[in-house]
Amino acid sequence: MKDGAIVCNGSFTHLFYSGKVNDASFKNFELRAEFKTAPRTNSGIFFHTENPGGKKKVDKGYECQICGDSYAKDPRKTGSLYDVEDVKQSATK
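Draft legend 1. Inspection of the overall build of the protein chain at higher detail. A count of helices and strands for the protein chain gives 0 helices and 2 strands. Summarising its shape, the C-alpha atoms of the protein chain cover approximately 40 × 30 × 25 Å along the three principal directions. Counting all 93 residues of the protein chain, 14% fall into the buried class. Sequence-distant contacts, at least 24 apart, represent 24% of the contacts inside the protein chain between residues at least 6 apart. Taken as a whole, the protein chain presents about 8,000 Å² of accessible surface, with 49% of it coming from carbon and sulfur. Each charge sign in the protein chain was given a centre, from 15 positive and 12 negative side chains, and these centres are 6 Å apart.

Draft legend 2. Layout of the packing of aromatic side chains. This structure, assessed with the given rule, holds 3 aromatic pairs. Following the ring pairs from residue to residue traces out a cluster consisting of Phe26, Phe29, Phe47 and Tyr62. Over the face of the ring belonging to Tyr82 we find Arg76, whose NZ or CZ atom lies 4.3 Å from the ring centre.

Draft legend 3. Representation of the pattern of salt bridges within the structure. Scanning the entire structure with this criterion turns up 4 salt bridges. A salt bridge links Arg76 to Asp83, with the shortest nitrogen-to-oxygen separation between them at 2.7 Å.

Draft legend 4. Region of the structure containing the environment of Phe16. With respect to the helices, strands and loops of the structure, Phe16 is situated in the segment before β1 (42–47). The exposure class assigned to Phe16 is partly exposed, which follows from its relative accessible area of 29%. As for Phe16 and Thr49, which are separated by 33 residues in sequence, their C-alpha atoms are 9.2 Å apart. Leaving out residues up to four positions away in the same chain, Phe16 has contacts with Thr49, Glu50, Asn51, Pro52 and Val58.

Draft legend 5. Highlighting the layout of surface pockets. Taken as a whole, the largest pocket spans an internal volume of roughly 2,300 Å³. With 6 residues, the top contributor of residues to the lining of the largest pocket is β1. Here the lining of the largest pocket is built from residues that sort into 22 nonpolar, 16 polar and 12 charged.

Draft legend 6. The arrangement of unusual backbone geometry in detail. The backbone of His48 shows a phi angle near 50 degrees, a positive value even though the residue is not glycine. Counting through the fold element by element, His48 comes out in the loop between β1 and β2 (62–67). Relative accessible area serves as the criterion here: at 34%, His48 is assigned to the partly exposed category. Backbone geometry places Asp83, a non-glycine residue, at a positive phi of 65 degrees. Position of Asp83 relative to the elements: it lies in the segment after β2.

Calculation notes
- Residues numbered from 1 in each chain as written.
- Predicted model: local features only at pLDDT ≥ 70, side-chain atom pairs only at ≥ 80, totals over all residues.
- Heavy atoms only, no water.
- Helix = DSSP H or I, 4+ residues; strand = E, 2+ residues; numbered from the N terminus.
- Buried < 20%, exposed > 50% of the residue type's maximum accessible area, 1.4 Å probe, protein only.
- Contact = heavy atoms within 4.5 Å.
- Areas by Shrake-Rupley, 256 points an atom, 1.4 Å probe, with all protein chains shown as cover.
- Lys, Arg positive; Asp, Glu negative; His and termini not counted.
- Charge placed at Lys NZ, Arg CZ, Asp CG, Glu CD.
- Phe/Tyr/Trp six-rings, centres within 6.5 Å; stacked < 30°, edge-to-face > 60°.
- Lys NZ or Arg CZ within 6 Å of the ring centre and 35° of its normal.
- Salt bridge = Lys/Arg side-chain N within 4 Å of Asp/Glu carboxyl O.
- 1 Å grid on protein atoms, 1.4 Å probe; cavity = no way out; pocket = protein on both sides within 12 Å on 5 of 7 lines; lining within 4 Å.
- Points joined across faces, edges and corners; volume = space filled by probe spheres on them.
- Nonpolar A, V, L, I, M, F, W, Y, C, P; charged D, E, K, R; others polar.

Here it is as C-alpha cells:
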C-alpha cells in the first residue's frame, strides 16, 4: 500500500481477497473502485474467481478491464467485461 492505495507492479501481479467477511464467499454484490493508470497500463479487477496459485492464469470468473487507450496490444479498454462485453475506446483519457 502507498498513501492508502493498493499498488502493483510487475509483469504478472494478482491480489486476492481471503478475508473474514462471509468467509470470502460472495454471490450478489456491488463493487466500486477508483483507479489511476499510467501510459501503456494493462490491468483489471477479477471477480467470482479463484486464486490459481503461483503464476497460473486466472481461468474462472470475470475481469473488468482497466486498460488505457495507449496500450495497443489489447483492443479491450477500460469498462470492458473481458470477452463478454468489449469496449473499444476508454471513456476517459
